[in-house]
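Observations on the model geometry
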Amino acid sequence: MKLRQSAWWALGLVIFALFPVVVTNPFYTTIGIFTVIYMGCATSWNMFSGYSGYVSLGTAIFYGCGAYTMALVSIHGHIPGGAEQFWVVPLGGLVAMAIAVPLGAVALRVRRHTFVVITIAFFFVFQLAAINANFTGGPAGLSLELIPWQGDAYNTPFYYVALAILVFSVVLSALVRRSRFGLQLLAIRDDEDRALGLGVKVKAVKLTGYTMSAFVVGMAGALYAMFLGQIYPQFVFDPVFDVTIALMAFLGGFGTLLGPLVGGLILESSQQWLTANYSNGSLYLILFGALFLIVVLFMPQGIVVKVKEVWSKRTSTGSDATQAPLATLGSESL
Amino acid sequence: MSALLEAKGISRAFGGLRALNGCSLHVERGSITGLIGPNGSGKTTLFNVITGYVKPEAGTVSFDGKDITGARPNAVFALGVGRTFQLTRIFSRISVVENMLVATQREESWLRGLTRSKSSKTELDAAMEWLDFVGLARLASLPAGSLSYGQRKLLELAYVLVADPDVILLDEPAGGVNLTLINEIGEKIRTLNKSGKTFLIVEHNMEFVMNLCDTVTVMHQGCDLVSGRPEEVRNNPLVLDAYLGGGDDEVVEELSHG
């Protein structure tokens, strides 16, 4: 059972690793890069918000900070456009973490809706600051030096770095789920005060989760800035980013390991494809809205949990009497 | 006799309501102490003050000679004061055994939690042992939310016990459960008490309290009214008055006919 599961994960990784080998058209590899970046961000968002129940809608802060770190360090550090810039990617993650500590220390004092609202407020503070500050280049943004890579191969290094971030994010999320720390996050989601009364240091645990999640998103933002070579404050601090990440996790399965991957794969690839193929750039927003309704109404726990439910019903028709009720959120394997 | 847990002159108001007004409580080591009183007399608030959920405006709480007034709930628990809630609180979306594991690390640093797995062999064994003690071992892998109300009460008791606290505060352990289970819970408490655990129990079921407790403290309007052996308390006119004043006729009948 355990072995079969690992085999599926390995198969998935191989498929993703072979993608740019099989598909060389830059139109599709660009879609691939964005899809993998978003899958990583959704997984890392879910590692905190999905496990702890603290739904953050200010994750774009870390994406933007990562992007600006890449741009500013590349420009002021006179790093020539090219592979050397990849070293700035982890730095983007660290800067995002450093920013997450004070933000989390304030925002995590409140719960539920108040927390959501505070994270949104923080987000707009950062967006406005980026638009108005001098060192960020204001509304005109920042341009990075051109990377002199030619033709179809331009995308390939970006794809593999994005994939490395994704794998890191999934492994981290899986390790957290298996650790005592992860169990404490789940306990906080179910009943924070009770957890506190059982010796869980909820403040430290929440802040740690929040900060860890910022690291991955910061790296993703840095990679994004390097890939596009040009950043604008309204695109790296984008409220749609926050909503999309959360929607991916909810669609796939909030609080599960596989859920944000499935949600990210479906949503980001279809969004990129729709935007590229239809001149009306916001068609995807209408479709996403409809999809969101369907998910909320018919499978509020997400695709992954729903499929697992249907599957286990079908494979155990012989002995439904002994069928144990499915542990839904945070169940062991998925 | 030494007091394991002691509250002195505790006061606390919520808005205009004086929930506690100079209340004192004395729990001896190795005893089963009952805490009774009409609804709204401040029993649960006193529990919340002792366990750190509510900060008192005046008064001190000490445990085993240490001042724990105003300490946070996790710190109080780490010292060895465990509690259950009146409205049973379990972690409903994780499994029964995972519920147990949340409580196993009384004094562990949070950093340690990052690097270690969910449970060690000894912790898992201890968790299963206590689940077995309350009769829930066969349900260990089910999501805790699928348990019945009575089973949840038992689970809450079990995961408080797994951390091996010295004193256990039970808020209405017999509330809303059937007679067989009430007797069963009473038996468990007695067994644990014999092995050295101290109990402080809030309960409205007079028969349960009178049979089980060594000492009973009666609260009334945020103060401790009387303390003593069950039979003394039962015949104290002040106690009857308190309940009559509260209009709790059934209890008065139980008390006076006992």
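Everything here concerns the structure above.
One structure accompanies this document, and this report is about it. (Residues numbered from 1 in each chain as written. Chains lettered and ligands numbered in written order. Predicted model: local features only at pLDDT ≥ 70, side-chain atom pairs only at ≥ 80, totals over all residues. Heavy atoms only, no water.)

1. Comments concerning the overall build of chain B
Within chain B, the secondary structure is distributed over 11 helices and 10 strands. Its C-alpha atoms give chain B a radius of gyration of 18 Å, near enough to 18 Å, the size a compact globule of 258 residues would have. Its C-alpha atoms put chain B at 55 × 40 × 35 Å along the principal axes. The buried share of chain B, taken over its 258 residues, is 55%. Nonlocal contacts in chain B, meaning residues at least 24 apart in sequence, comprise 65% of its contacts between residues at least 6 apart. In the form shown here, chain B has an accessible surface area of approximately 10,900 Å², with 50% of it arising from carbon and sulfur atoms. Positive and negative charge centroids in chain B, built from 25 and 31 side chains respectively, lie 8 Å apart. (Helix = DSSP H or I, 4+ residues; strand = E, 2+ residues; numbered from the N terminus. Rg over C-alpha atoms; globule rule 2.2 N^0.38 Å. Buried < 20%, exposed > 50% of the residue type's maximum accessible area, 1.4 Å probe, protein only. Contact = heavy atoms within 4.5 Å. Areas by Shrake-Rupley, 256 points an atom, 1.4 Å probe, with all protein chains shown as cover. Lys, Arg positive; Asp, Glu negative; His and termini not counted. Charge placed at Lys NZ, Arg CZ, Asp CG, Glu CD.)

2. A short note on the environment of Val295(A)
All names here are of chain A. Mapped onto the secondary structure, Val-295 falls in helix H12 (residues 283-298). The buried category is assigned to Val-295, whose relative accessible area is 5%. When residues no more than four places from it in sequence are discounted, the contact partners of Val-295 are Phe-250, Leu-251 and Pro-300.

3. Observations concerning the packing of helix H10 (residues 239-252) of chain A against helix H11 (residues 259-277) of chain A
Residue and element names in this part refer to chain A. It is at 7 Å that the axes of H10 and H11 come closest, and there the two elements cross at 120 degrees. Between H10 and H11 the crossing geometry is right-handed. Note on element contacts: H11 touches H10 through Gly-259, Pro-260, Gly-263, Gly-264, Ile-266, Leu-267 and Glu-268, opposite Leu-247, Met-248, Ala-249, Leu-251 and Gly-252. For the contact of H10 with H11, a count of residues per class yields 7 nonpolar, 4 polar and 1 charged. (Axes fitted to C-alpha atoms, helices over the stretch in contact; angles between N-to-C directions. Left-handed = near helix turned anticlockwise from the far one by under 90°. Nonpolar A, V, L, I, M, F, W, Y, C, P; charged D, E, K, R; others polar.)

4. Here's the deal with the side chain of Ser74(A)
Residue and element names in this part refer to chain A. Here Ser-74 lies in helix H3 (residues 60-76). At a separation of 3.1 Å, a polar atom in the side chain of Ser-74 contacts the side chain of Gln-85. With near-sequence residues (within four places) excluded, Ser-74 lies in contact with Thr-69, Ile-79, Gln-85 and Leu-144. (Polar contact = N/O pair within 3.5 Å; in protein donor to acceptor, adjacent residues only side chain to side chain.)

5. Comments concerning the pairing of strand S7 (residues 167-171) of chain B
Residue and element names in this part refer to chain B. In terms of burial, S7 is largely enclosed, as 5 of its 5 residues are buried. Side chains Val-167, Leu-169 and Asp-171 of S7 all project onto a buried face; the interleaved residues Ile-168 and Leu-170 project onto the opposite face, where all are buried too. Sheet analysis places strand S6 (residues 81-83) next to S7, joined by 3 bridges and oriented parallel. Counted as the bridge partner of Val-81 is Val-167 from S7. Pairing of S7 with strand S8 (residues 198-202) involves 5 bridges; the strand directions are parallel. Bridge pairing in S8 places Asp-171 opposite Val-202. (Pairing = 2+ DSSP bridges.)

6. Describing the interface of chain B and chain A
Contact with chain B, which involves 35 residues of that partner, is made by 33 residues of chain A. Roughly 3,000 Å² of surface becomes buried between chain B and chain A when both sides are summed, with 58% attributable to carbon and sulfur atoms. By the criterion of area lost to chain A, the three top residues of chain B are Arg93(B), Trp110(B) and Lys118(B), representing 24% of everything that side buries. For the pair chain B and chain A, the number of links is 6 salt bridges. (Buried area = accessible area lost by both parts, 1.4 Å probe. Salt bridge = Lys/Arg side-chain N within 4 Å of Asp/Glu carboxyl O.)

7. As for the nonpolar core
Counting 148 residues, the largest nonpolar core has Ile37(A), Phe62(A), Met100(B), Leu155(B) and Ile189(B) as its most contacted members. Here the element with the most residues in this core is helix H8 (residues 202-228) of chain A; it accounts for 16 residues. Other than its neighbours up to four places away in sequence, Phe62(A) contacts Ala96(A), Ile99(A), Ala100(A), Leu103(A), Tyr210(A), Ala214(A), Val217(A) and Gly218(A). Membership of the second largest hydrophobic core comes to 24 residues, among which are Leu20(B), Val54(B), Ile68(B) and Val167(B). (Core = buried A, V, L, I, M, F, W, Y, C linked by side-chain atoms within 4.5 Å.)

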